[in-house]
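A look at the structure
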Amino acid sequence: MGSLFRSEEMTLCQLFLQSEAAYACVSELGELGLVQFRDLNPDVNAFQRKFVNEVRRCDEMERKLRYLEKEIKKDGIPMLDTGESPEAPQPREMIDLEATFEKLENELREVNQNAEALKRNFLELTELKHILRKTQVFFDEQEGGLNTTTESMTRALITDEVRTGHSMGPVQLGFMEKSNEREDYYPCFVAGVISREKLPAFERMLWRACRGNVFLRQAMIESPLEDPSNGDQVYKSVFIIFFQGDQLKTRVKKICEGFRATLYPCPEAPADRREMAMGVMTRIEDLNTVLGQTQDHRHRVLVAAAKNLKNWFVKVRKIKAIYHTLNLFNLDVTQKCLIAECWVPVLDIETIQLALRRGTERSGSSVPPILNRMQTFENPPTYNRTNKFTKAFQALIDAYGVATYREMNPAPYTIITFPFLFAVMFGDLGHGAIMALFGLWMIRKEKGLAAQKTDNEIWNIFFGGRYIIFLMGVFSMYTGLIYNDIFSKSLNIFGSHWEVNYNKSTVLENKYLQLNPETSDYLGTPYPFGMDPIWQVAGANKIIFQNAYKMKISIIFGVIHMIFGVAMSYHNHTYFKNRLSLIFEFIPQLIFLLFLFFYMVLLMFIKWNRYAATNKPPYSASCAPSILITFIDMVLFNTPKPVPEGCEVYMFGGQHFFQVVFVLVALSCIPVMLLGKPLQIMKQRKHANVQPITGSDAEVGMSNGQPAAHGAGGHHDEEEMSEIFIHQGIHTIEYVLGSVSHTASYLRLWALSLAHAQLAEVLWNMVLSIGLKQEGWFGGIMLTIVFAFWAILTVGILVLMEGLSAFLHTLRLHWVEFQSKFYQGTGYAFQPFSFDAIIENGSAASSAENE
């Protein structure tokens, strides 16, 4: 239980392992996850270390597995995940794994290459099939006589006839039997397929480059065609270009090549086209059969690989992690023993030794490993042992800064104070119930939800803080009962202790009706639990009453919270044997806080206890002094202002004397905090006549995991006196001014609570009440629509947005107002060699890479 309130005691150990047993021993330590190794080769390049070849082999195996994973996900094949973590394979098994992965990769790449070649052939045949069909339509159009195409070609040839003086005769589409004299003037054509979005630019380029001496006909292919290289669906069109002469033929082909249009042979004779079309259809059917068989074979290969892929990933990552760790070790002079240095928790040394013994037995080595504790002055890492409940609260603290080694850990106290202060701002029974139910659902389903391992960061944050969300909801339900607030309405459980002596119309129509406890409306006894429900209808002085109530409890909670933080520093100073900080920091800080701010809290309780609306002077409500004015007059030594006749200036006898004493004592603590510790350090250095300080007040180092002095007075043995005075001055000014600002900062509890309640009331009055006022069948429909809208706004604004706002403000109160009193947070986290953490991070990185 001690490690919950402080970090685990750590020690630096030296580990000696036989070369043949090192792999198995490190594997056992990785399963255990309790050892943080140090790099004993910091100056050695990563490519010059002993096991760099093994690491490269693991990288290559991981690359092949990622390729398999990508292909499996492409086909939508589910990967088997049993949730079990296989042990790290022995080094000799790496060869078998490499051979298996090599075989799978080669087989899969060969299948993919064959499939791509078949798909490319299939695409060509499909395009040829469409060309034969579409061009048949083009050629059929000219059978009835001279059509538009013929006219266009005729005009082009007539122009040429005028230029050359030769006569062409009648024009027909298609290839003609060429004469020896004028073969250049007989029209010919090319047919092909082009991407549909390139067609307009293609047509313009043909017109410009060929100066209008070509004729283009095109028809769209209705169904998209699959691109064999990437599997995308592409829409294409068939075109046929009529021209004459070799020069135009060369230009047309170059333009087609530039636009990546595919040209296909197309016979002139209809019989030849029909014969070719039949051959194409036969080949397409054969290709479909072969493609189906290829896909079936590929699917079988991937299904077999999917059954073992998760386990293969785990094995490869474990092997790689082991060799990475072995690269941190040193070799002895005999080259037969590996030497390592590692941080380990003192309580787990026996467990670690058992793991080393198991590894030695697995390797068959006869020489047992040696684990020796070392003497060091280096600061150990901070290790707070957590479980699934405390992990989220510890993460809140570590987000501010990892605790200095062995200093007080705020996390266990945060488990209570964090949801409570959140609930003071978020107090609503209905909204708290929504939050608690959401957190409870995540807790009940945590095994299934954790197994999904989604990459959604927002969901992972919610799921990681499920216990925080549940506690915040439960505490908000409690404070909601105290405020008697549920969706801006009240619960009349015990019956109101007020009687409104007015008729019904006056109560319902008068917005300025006030509850006056001096009258007979108040029965004289308080509501048994929380606020009286009558305050919900007190439109005139409801906010005034709640403001005074919530403002005061905010200051009360804040001062108690800060005093608790100062008290925590006492345990730090005593544990680290820092007597100077205990005397010259803790004691004056506590006196300063108690004599000023805690006294103000006592005045609140005295005022609540002594003054009442029904009392006669001097203790009636009209005689009650303002706590804020009283505190200001006390600090400034002002004389209180005159009070009404029959009232007393002070709340109790001797108040003025006590206030003067409290202020003088609090002010005298400031020079003690400012100069006490530096002067004492100067005195000790002068007395010892040496720079380092010795004795019980010295800031000593750490040996065998024992704590070193830290805190505001720690590690000053090597500092200049000027730096010590400056440091102490900054610390004193920060504390004195911070005590005032931090106390005021807790007023955010009141402000956010008021804002939350008012927003809930606005949503009720301006949204839901509209549906409740409608009658009849239309009213039922209207209420359903309005309620859905109100529910969306309630969850979206009041639960999510207001909840996030209250969460952030609560986080600030803990990080700044509370932890600044005792928490340094200058340590570094214990990062043990753990297979679980490595595999989890590797899986996240792999998923991100695939995305």
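Residues numbered from 1 in each chain as written. Predicted model: local features only at pLDDT ≥ 70, side-chain atom pairs only at ≥ 80, totals over all residues. Heavy atoms only, no water.

**Brief notes about the overall build of the chain**
Helices and strands together make up the secondary structure of the chain, namely 25 helices and 11 strands. Pairs at least 24 residues apart make up 81% of the contacts formed inside the chain by residues separated by at least 6 positions. (Helix = DSSP H or I, 4+ residues; strand = E, 2+ residues; numbered from the N terminus. Contact = heavy atoms within 4.5 Å.)

**Some details on the packing of helix α12 (residues 411-426) against helix α24 (residues 776-818)**
Direction vectors running N to C along α12 and α24 enclose 130 degrees, while the axes themselves pass 9 Å from each other. As the angle between them shows, α12 and α24 are arranged oblique. For the crossing formed where α12 meets α24, the hand is right-handed. When α12 is examined against α24, the residues Thr414, Thr417, Phe418, Leu421, Phe422, Met425 and Phe426 are found in contact with a partner set consisting of Leu798, Val799, Glu802, Gly803, Ala806, Phe807, His809, Thr810, Leu811, Leu813 and His814. In terms of residue class, the contact of α12 with α24 is built from 11 nonpolar, 6 polar and 1 charged. (Axes fitted to C-alpha atoms, helices over the stretch in contact; angles between N-to-C directions. Parallel < 35°, antiparallel > 145°, perpendicular 65-115°, else oblique. Left-handed = near helix turned anticlockwise from the far one by under 90°. Nonpolar A, V, L, I, M, F, W, Y, C, P; charged D, E, K, R; others polar.)

**Here's the deal with the side chain of serine 237**
Residue position: serine 237 is located in strand β7 (residues 236-244). Under the relative-accessibility criterion, serine 237 is labelled buried at 0%. Once residues lying within four places of it in the same chain are set aside, the contact partners of serine 237 are Gly192, Val193, Ile194, Arg196, Leu199, Gln218, Ala219, Met220 and Ile221. (Buried < 20%, exposed > 50% of the residue type's maximum accessible area, 1.4 Å probe, protein only.)

**Observations concerning the pairing of β7**
A large share of β7 lies buried, amounting to 9 of its 9 residues. Side-chain alternation along β7 places Lys236, Val238, Ile240, Phe242 and Gln244 on one buried face and Ser237, Phe239, Ile241 and Phe243 on a second face that is also buried. The sheet contact formed by strand β4 (residues 215-220) and β7 spans 6 bridges and is antiparallel. When the bridges of β7 are listed, arginine 217 appears paired with isoleucine 240. (Pairing = 2+ DSSP bridges.)

**Thoughts on the UniProt feature "transmembrane region" (unreviewed entry) in the chain**
Annotation from UniProt places "transmembrane region" (unreviewed entry) at residues 415-443, 463-483, 553-570, 582-606, 618-637, 657-676 and 777-801. Annotated as 93% helix and 0% strand, the span residues 415-443 places its first and last C-alpha atoms 16 Å apart. The span residues 463-483 is 95% helix and 0% strand, and its two end C-alpha atoms sit 29 Å from each other. (UniProt positions renumbered as here; feature names shortened; annotations may be inferred.)

**Here we look at the state of the cysteines**
Covalently bonding the sulfur atom of one cysteine to the sulfur atom of another cysteine gives a disulfide. All chains considered together, the criterion is met by 1 disulfide. A sulfur-sulfur distance of 1.7 Å marks the disulfide that ties cysteine 623 to cysteine 647. One quick way to see it: the torsion about the S-S bond of cysteine 623 and cysteine 647 is about -60 degrees, and its sign makes the bridge left-handed. Of the two residues, cysteine 623 sits in the loop between α19 (579-610) and α20 (627-636) while cysteine 647 sits in the loop between α20 and α21 (655-688), which places them 24 residues apart along the sequence. Side by side, cysteine 623 and cysteine 647 carry an identical accessibility label, which is buried. Cysteine 256 takes part in no disulfide bond, and the closest cysteine sulfur, belonging to cysteine 210, lies 9.3 Å away. Classification of cysteine 256 as buried rests on a relative accessible area of 1%. (Disulfide = S-S within 2.5 Å.)

**Re the nonpolar core**
Among the nonpolar cores identified, the biggest contains 61 residues, and Phe37 and Leu326 are the most heavily contacted of them. The greatest single-element share of this core, amounting to 10 residues, is contributed by helix α9 (residues 309-326). The next biggest cluster of nonpolar side chains, apart from the first, holds 60 residues, and it includes Val424, Phe426, Val559 and Phe631. (Core = buried A, V, L, I, M, F, W, Y, C linked by side-chain atoms within 4.5 Å.)

**Side note on a nonpolar patch on the surface**
On the surface, Phe438, Trp441, Ile458, Phe462, Leu759, Val795, Ile797, Leu800 and Met801 cluster together to form a nonpolar patch covering roughly 800 Å² of accessible area. Elements represented by at least two residues in the nonpolar patch include exactly α13 (429-444), α15 (457-464) and α24. Looking at the nonpolar patch element by element, the count peaks at 4 residues for α24. With respect to the helices and strands, isoleucine 797 occurs in helix α24. (Patch = residues over 30% accessible without salt bridge, like charges linked within 9 Å, V, L, I, M, F, W, Y side chains within 5 Å. Areas by Shrake-Rupley, 256 points an atom, 1.4 Å probe, with all protein chains shown as cover. Salt bridge = Lys/Arg side-chain N within 4 Å of Asp/Glu carboxyl O.)

**Focus: helix α2 (residues 19-32)**
Across its 14 residues, α2 extends 21 Å between first and last C-alpha, which sits within 8% of the 20 Å expected from 1.5 Å per residue. Most of α2 is tucked away: 10 of the 14 residues are buried. Ala21, Ala22, Tyr23, Ala24, Cys25, Val26, Ser27, Glu28, Leu29 and Gly30 are the residues of α2 that are buried. Looking one or two residues past α2, glycine 33 carries a phi angle of roughly 70 degrees, positive in sign. (Expected span 1.5 Å × (residues − 1).)

**A closer look at the pattern of salt bridges**
Applying the stated criterion across every chain yields a total of 29 salt bridges. Where salt bridges share partners, they join Asp59, Glu62, Arg317 and Lys320 into one cluster.

**Describing the packing of aromatic side chains**
What the rule picks out here adds up to 47 aromatic pairs. Between phenylalanine 438 and phenylalanine 462, the aromatic rings sit 6.1 Å apart at their centres with planes inclined by 80 degrees, giving edge-to-face as the arrangement. Placement of phenylalanine 438 in helix α13 and of phenylalanine 462 in helix α15 is noted, with a sequence separation of 24 residues between them. Of the residues examined, phenylalanine 438 reaches a relative accessible area of 30% and is grouped as partly exposed. With a centroid separation of 5.6 Å and an interplanar angle of 35 degrees, the aromatic rings of phenylalanine 787 and tryptophan 790 are classed as tilted. Of this pair, phenylalanine 787 and tryptophan 790 both sit in helix α24, 3 residues apart, roughly one helical turn. Taking relative accessible area as the criterion, tryptophan 790 reaches 9% and is therefore assigned buried. Each member of the aromatic cluster is reached from another via a ring pair, and the members are Phe5, Tyr400, Tyr413, Phe564, Trp815, Phe818, Phe822 and Tyr823. Between the NZ or CZ atom of arginine 466 and the centre of the ring of phenylalanine 463, over which it lies, the distance is 4.3 Å. (Phe/Tyr/Trp six-rings, centres within 6.5 Å; stacked < 30°, edge-to-face > 60°. Lys NZ or Arg CZ within 6 Å of the ring centre and 35° of its normal.)

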